[in-house]
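# Descriptive analysis of the structure
Read off the chains here:
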Amino acid sequence: HIQPRLEVEQRPLSVSIHLAYELRQVLREAVANAVRHGRCRTVEVRLAMDEAGGLRILISDDGEGFPKTTGALRPRSISERIETLGGTIAVSNRDPGAVLDIDLPIRMAA
């Protein structure tokens, strides 16, 4: 059982059907990962348009965060999906939990 929170700064948020599908998959996987691997109790998702007209997505949780390894923190399938859409993803641990910071150019992804 988790407490999800969604914050959307601009409504309606117009994106293509393809991008809506991809975003749904990213969000589904991010929440599942936070619950399964991070053992979180809350997940917060924020969606906003940036100054350049791109989409900014912040997904944060209060779980255990990513394992402390020498390699880069990176959820492989989410990262690959975002990069295929022409976007970038930054992943970081916080105390507690983890944050996925995603930027997507709407013009390229739509």
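Here's what I pulled together on the structure shown here. (Residues numbered from 1 in each chain as written. Predicted model: local features only at pLDDT ≥ 70, side-chain atom pairs only at ≥ 80, totals over all residues. Heavy atoms only, no water.)

### Overview of the pattern of salt bridges
Note the following rule: When a carboxyl oxygen of Asp or Glu is within 4 Å of a side-chain nitrogen of Lys or Arg, the pair counts as a salt bridge. Under the scheme used here, helices are H or I runs from DSSP no shorter than 4 residues and strands are E runs no shorter than 2 residues, and both carry numbers assigned from the N terminus. Each residue gets one of three labels from its accessible area relative to the maximum for its type: buried under 20%, exposed over 50%, partly exposed in between, using a 1.4 Å probe on protein chains only.
Considering all chains together, one arrives at six salt bridges under this definition. With a closest N to O distance of 2.5 Å, Arg81 and Glu22 form a salt bridge. Residue Arg81 is found in helix α2 (residues 76-84), and its partner Glu22 is found in helix α1 (residues 17-36); the two are separated by 59 residues along the sequence. Its relative accessible area of 12% is what places Glu22 among the buried residues. Residue Arg56 pairs with Asp101 through a salt bridge whose shortest N-O separation is 2.6 Å. Placement of the pair is Arg56 in strand β3 (residues 55-61) and Asp101 in strand β5 (residues 98-104), with a sequence separation of 45 residues. The partly exposed category is assigned to Arg56, whose relative accessible area is 33%. A single network of salt bridges, built from pairs that share partners, joins Arg56, Asp101 and Asp103.

### Structural notes on α1
Let me state the cut-off plainly: Expected helix span is computed as 1.5 Å times (number of residues minus one). The reported arc concerns the directions from the helix axis to the C-beta atoms and nothing else.
Relative to the 28 Å expected for 20 residues at 1.5 Å per residue, α1 spans 28 Å between its end C-alpha atoms, a close match to the ideal helical length. Regarding α1, the residues found buried are Leu19, Glu22, Leu23, Gln25, Val26, Glu29, Ala30, Asn33 and Ala34. The buried residues of α1 occupy an angular sector of 160 degrees when projected down its axis, which confines them to one face. Set apart from the buried face of α1 by more than 90 degrees, the exposed residues are Ile17, Arg24 and Arg36.

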